[in-house]
Amino acid sequence: MATLHPTEQSILLSVAILCALPWSLTLLLLDFGEGFADRAAVLVCIGLCTNAALLWWSTIQLRVRFRARHADLHDAGA
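Residues numbered from 1 in each chain as written. Predicted model: local features only at pLDDT ≥ 70, side-chain atom pairs only at ≥ 80, totals over all residues. Heavy atoms only, no water.

Caption draft 1: Structural detail: the overall build of the chain. Within the chain, the secondary structure is distributed over two helices and zero strands. Within the chain, buried positions represent 13% of all 78 residues. Across the chain, every contact between residues at least 6 apart in sequence was considered, and the portion connecting residues at least 24 apart equals 66%. Entry remark: accessible area of the chain is about 6,300 Å², with carbon and sulfur atoms responsible for 71%. (Helix = DSSP H or I, 4+ residues; strand = E, 2+ residues; numbered from the N terminus. Buried < 20%, exposed > 50% of the residue type's maximum accessible area, 1.4 Å probe, protein only. Contact = heavy atoms within 4.5 Å. Areas by Shrake-Rupley, 256 points an atom, 1.4 Å probe, with all protein chains shown as cover.)

Caption draft 2: Representation of the pattern of salt bridges in the model. All chains considered together, the criterion is met by one salt bridge. In this structure, the salt-bridge partner of aspartate 31 is arginine 39, at a minimum N-O distance of 3.2 Å. (Salt bridge = Lys/Arg side-chain N within 4 Å of Asp/Glu carboxyl O.)

Caption draft 3: Quick peek at the packing of aromatic side chains. Enumeration according to the criterion identifies one aromatic pair in this entry. When the ring of phenylalanine 32 is compared with that of phenylalanine 36, the centres are 4.8 Å apart and the planes differ by 40°; the resulting orientation is tilted. According to the relative accessible area criterion, phenylalanine 32 is exposed, its value standing at 73%. (Phe/Tyr/Trp six-rings, centres within 6.5 Å; stacked < 30°, edge-to-face > 60°.)

Caption draft 4: Structural detail: the side chain of asparagine 51. With respect to the secondary-structure elements, asparagine 51 resides in helix H2 (residues 36–77). Excluding its chain neighbours within four sequence positions, the residues that come into contact with asparagine 51 are Cys19, Ala20 and Trp23.

Caption draft 5: Spatial organisation of a nonpolar patch on the surface. A surface patch of nonpolar side chains, about 470 Å² in accessible area, is lined by Trp56, Trp57, Ile60 and Val64. Relative to the helices and strands, tryptophan 56 is located in helix H2. A relative accessible area of 59% means that tryptophan 56 is categorised as exposed. (Patch = residues over 30% accessible without salt bridge, like charges linked within 9 Å, V, L, I, M, F, W, Y side chains within 5 Å.)

Caption draft 6: Fine view of the side chain of serine 58. Following the sequence through the fold, serine 58 ends up in helix H2. A relative accessible area of 11% places serine 58 in the buried class. Those residues within four positions of serine 58 in sequence are excluded, and the remaining contacts are Leu12 and Val15.

In short, shape yes, function no, at least from these values alone.
Listed below in structure tokens is the structure:
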């Protein structure tokens, strides 16, 4: 039943994991050598900013959807 009606928290956790995965994998593509830490730091910063933006957007979309669903259920019960 949880997969049919996932909670907001479980959806956001899934989004966070899926957003972080590509950035983690790109660190494996960096070659070790001069400037590795600088390039890795830039990738991590880009990843964190992108993840924050995607999570913020996903949260807004989910809240709108859940509020609309709740309003429909509330109106149908009245």
